[in-house]
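The chain contents come next:
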Amino acid sequence: MIRICQDIPLGAIVHVTSGYRWGIGPGRRLGISEKIQQVLNDGCHDAIVVEQNGVKMIGDMSPPRAHTTPIARYEERCNNDRATLEFYWPRDATLGQGATAAQWWMQNVCEKKRYDWYAFPLLFLKAAIDPTMDFFKFDWHVEWADWCTESVMWAWLNGASVDCYRGNRNPTPATTLKRYAQGHLFRITDDFIVQLPEGA
């Protein structure tokens, strides 16, 4: 069992990998959803640690609109083998900048922005034609909607003046993994996830 520490810093980037989301199982042929997941490098979702009414929560941009999710719900999904969590932090960013990014997300995204369903035709196109096609480099953006990683990127960029996605204005969960591999994000998971004995 895992427990997420309450001292996890505001603004931490939450990266979720989950075969459960697309129903992936052994021996199955890859349908379009699984191909999309391959395009996203198995990174199903990104979110951000925020604070709501004095309680730390996860800021989720997921359908139909941005909302907060209790940390306990993420713990439950991990403990039921439905998800794997990693936490990342922008290199050289301060805790104060993280708090500012989280505050910006709460003020400008939470319950205000809708999920960007318009991105999915692009994902289908990329999965069906050429998984290496990098159309995300051109400016695909609508002001009133974001997808998950986009909302994290804007929170850090607009809220804290930290460009943790290094110029990519349409990042996906795969971009998060790339920026980690490039050294622009560093992994803080082991500092804030505690392994507990079964039944604890």
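No experiment lies behind these values; they were computed from the predicted model shown.

Re the packing of aromatic side chains
Point 1. This structure, assessed with the given rule, holds two aromatic pairs.
Point 2. Between Tyr88 and Tyr180, the ring centres sit 4.9 Å apart and the planes meet at 45 degrees, which makes this aromatic pair tilted. One end of the pair, Tyr88, is in strand E6 (residues 84-90); the other, Tyr180, is in helix H6 (residues 173-181), and 92 residues separate them in sequence.
Point 3. For the ring pair Trp89 and Trp156, a centre distance of 5.3 Å and an interplane angle of 90 degrees mean the geometry is edge-to-face. Separated by 67 residues along the polypeptide, Trp89 in strand E6 and Trp156 in helix H5 (residues 148-160) bring together distant segments of the chain.
Point 4. Here Trp89 falls in the buried class, since its relative accessible area comes to 5%.
Point 5. Of the residues examined, Trp156 reaches a relative accessible area of 0% and is grouped as buried.

What about the sheet that holds strand E5 (residues 67-70)?
Point 1. Spatial ordering of the open sheet is given by E5-E4-E3-E2-E6-E9, a layout of six strands whose pairing is antiparallel. Pairing within the sheet leaves two strands with one partner each, and these edge strands are E5 and strand E9 (185-187). Taken over all neighbouring pairs, the strand axes of this sheet differ in orientation by 40 degrees on average, direction set aside.
Point 2. Where strand E3 (residues 45-52) and strand E4 (residues 55-60) come together, five bridges link them in antiparallel fashion. The residue bridging Ile48 from the neighbouring strand is Gly59, located in E4.
Point 3. Its contacts with the sheet place helix H2 (residues 71-79) against strand E2 (13-17), E3, E4, E5 and E6, and it is angled at close to 60 degrees to E5.
Point 4. The sheet strands contacting H6 are E2, E3, E6 and E9, and the helix crosses E9 at an angle near 85 degrees.

Considering the packing of helix H3 (residues 95-108) against H5
Point 1. Between H3 and H5, the shortest axis-to-axis distance is 8 Å and the interhelical angle comes to 115 degrees. The two elements H3 and H5 cross, and the hand of that crossing is right-handed. Residues Gln97, Gly98, Thr100, Ala101, Trp104 and Trp105 of H3 touch H5, and the partners they reach there are Ser151, Trp154, Ala155, Trp156, Asn158, Gly159 and Ala160.

Quick notes on the pattern of salt bridges
Point 1. Summed over the entire model, instances satisfying the criterion amount to four salt bridges.
Point 2. Linking Arg169 and Asp163 is a salt bridge whose minimum nitrogen-to-oxygen distance equals 3.2 Å.
Point 3. Beyond isolated ion pairs, a larger network of salt bridges with shared partners links Glu86, Arg187 and Asp190.

Rules of the game
- Residues numbered from 1 in each chain as written.
- Predicted model: local features only at pLDDT ≥ 70, side-chain atom pairs only at ≥ 80, totals over all residues.
- Heavy atoms only, no water.
- Phe/Tyr/Trp six-rings, centres within 6.5 Å; stacked < 30°, edge-to-face > 60°.
- Helix = DSSP H or I, 4+ residues; strand = E, 2+ residues; numbered from the N terminus.
- Buried < 20%, exposed > 50% of the residue type's maximum accessible area, 1.4 Å probe, protein only.
- Pairing = 2+ DSSP bridges.
- Axes fitted to C-alpha atoms, helices over the stretch in contact; angles between N-to-C directions.
- Contact = heavy atoms within 4.5 Å.
- Left-handed = near helix turned anticlockwise from the far one by under 90°.
- Salt bridge = Lys/Arg side-chain N within 4 Å of Asp/Glu carboxyl O.

The values reported here are purely geometric and, on their own, carry no functional implication.
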